[in-house]
Amino acid sequence: MELRPNDNNKISLTRFESMLKTNHVLFFDSEEFENIIHHYLNHGKIALAKKAIKLGLQQHPTSTNLKLFKVEIFVFENDLEKADALINELYLLEPLNEEIYIQKANILSKRDDHRKAIEVLEKALKLTEDPIDIYSLIGMEHLFLDQFEEAKTNFMKCLESDLEDYSAMHNMIYCFDFLEQHEEAITYLNMFLEKNPYSEVAWHQLGKQYYDLKDYEKALTAFDFAIISDDRFIGAYLEKGKVLEKLKRFPEAIENYSITLTLDDPTSFALLRIGLCHQKLGDNDLAVQYFYKTVEEDPLLDKGWIAITKFYNRQKNFQKSLYYINKAINIDSDNVHYWKLYAQINERLHLLEEAERGYKKALELGNHELNTWLTRGDILHKLGETEAAIYNFIQASEFYPENAEIEFRLAGLNYMLSETEKGSYHLKNGLRFNAEFVFIIEELFPSIYKSQPVKSLLKAKL
């Protein structure tokens, strides 16, 4: 029940709120109550909406529309039994009222019975003269069922009736993207733009489709048209900046990102991208200034702290890098790349226990690259944690069976523990898998390499 505010509505609201303060009962017609309730629901003032419904039904006890608002409140509060009971009563009274079907579908949707909700909404379609909202609701129900083709079709029907239904457009594009139908999306958007050539939103979406296909020149053209259609469209400038970065036109990218800073409050995204562009241009002083501006604007943006971390890492200022990587990890402690960077920085600072902790955390979070296993194991060996190092390499061998680099390390570590039989077993494996890596024994375990049993075995095998 979409109602538009006007001066009469403002007068009604003022009178209603005055009545609540004075407890003097004033009369309102049912349409006034509908406008008042709609206003409060739109502004999230549920308690006031409920008061208006109660008073409205006292004055107009037979009003179906006011009872439908009551159903809406029941659904909002998840009191679906009461909502269902009331909607069924209303259906008996007005079986041709489309709003009753819409609210019934809303109840079914809340109960996750989306197929039934679609059936009810399709009945509502036959009763309405204005189907746009119902097509949108049907589209959303199909989305809940992961039926993206059906959802897309319904959102397209919304756009056929209203070229400026941008909510439907975004939902439709979401379906195209999920289905990876970028070419189809481009075809549709070009047809749409023939009817509505100054739709900045459509040009913007078209540019994003070309961007996904890595057709950066066409993406750039689309974003230019979006800006021509609305020269204050911040999203188009940001996307254009991203395209220009891909084309390595960094000064132009900086220019577009900078325009967004003048149109509205600065965004951390724009500040970060400007910093990264300056870095690509070799202007490190300006780059780091923008990185600091990024985290001042949004202290919880981990990517800002990472940019500063990497900046100082390149400068070989590992102490500062460590300080800033900790900031990023405090924001996103489940980011495997941050933990690996943390480990590498600590390793460069010779803080081996912390480095090992970082690599261990990276492994726990799913970074099972061979280098991570090898580096962690070597650090455990340096720390004198021989048994832990062996366990690390045994785990690694599950991911990388028949790997000589792992086997030679297991050989050396087992020999260190005087586990001669195991050491010999892994040494033979290493030689069988790839003898060229035998230098690992010499570099990591020089005393073992010089021992007679190992020398004899190597002489026999090489």
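None of the values given here were measured: they were computed from a predicted structure. (Residues numbered from 1 in each chain as written. Predicted model: local features only at pLDDT ≥ 70, side-chain atom pairs only at ≥ 80, totals over all residues. Heavy atoms only, no water.)

**Student:** Report on the packing of aromatic side chains, specifying residues and quantitative values.
**Tutor:** Going through the model one piece at a time under the given rule, you end up with 19 aromatic pairs. Where Tyr 91 meets Tyr 101, the ring centres are 6.0 Å apart and the plane angle is 90°; that geometry is what we call edge-to-face. A residue pair is termed long-range when its members are at least 10 positions apart, and Tyr 91 in helix 5 (residues 80-93) and Tyr 101 in helix 6 (residues 98-110) qualify at 10 residues. Residue classification places Tyr 91 among the partly exposed positions, given a relative accessible area of 38%. Judged by relative accessible area, Tyr 101 falls into the buried class, the value being 13%. Aromatic pair Phe 148 and Tyr 174: ring centres 6.2 Å apart, planes at 55°, arrangement tilted. Linking Phe 148 in helix 9 (residues 148-161) with Tyr 174 in helix 10 (residues 166-178), this pair joins segments that are 26 residues apart in sequence. Among the aromatic residues, those joined into a cluster by ring pairs are Tyr 292, Trp 305, Phe 311, Tyr 312, Tyr 323 and Tyr 324. A cation over a ring is seen here: Lys 293 above Tyr 290, with NZ or CZ 4.4 Å from the ring centre. (Phe/Tyr/Trp six-rings, centres within 6.5 Å; stacked < 30°, edge-to-face > 60°. Helix = DSSP H or I, 4+ residues; strand = E, 2+ residues; numbered from the N terminus. Buried < 20%, exposed > 50% of the residue type's maximum accessible area, 1.4 Å probe, protein only. Lys NZ or Arg CZ within 6 Å of the ring centre and 35° of its normal.)

**Student:** Could you give an account of helix 25 (residues 420-434), naming the residues involved and the relevant values?
**Tutor:** In a regular helix each residue adds 1.5 Å, so 15 residues correspond to 21 Å; helix 25 covers 21 Å between its end C-alpha atoms and thus fits that length. Within helix 25 the residues assigned to the buried category are Gly 423, Ser 424, His 426, Leu 427, Asn 429, Gly 430 and Leu 431. (Expected span 1.5 Å × (residues − 1).)

**Student:** Summarise the UniProt feature "repeat: TPR" (unreviewed entry) in the chain; cite the residues concerned and give the values.
**Tutor:** According to UniProt, the "repeat: TPR" (unreviewed entry) feature falls on residues 98-131, 200-233, 268-301 and 370-403. Helix makes up 79% of residues 200-233 and strand makes up 0%, while its end C-alpha atoms are separated by 8 Å. Each end of residues 268-301 is marked by a C-alpha atom, and these two atoms are 8 Å apart; helix forms 79% of the span and strand 0%. (UniProt positions renumbered as here; feature names shortened; annotations may be inferred.)

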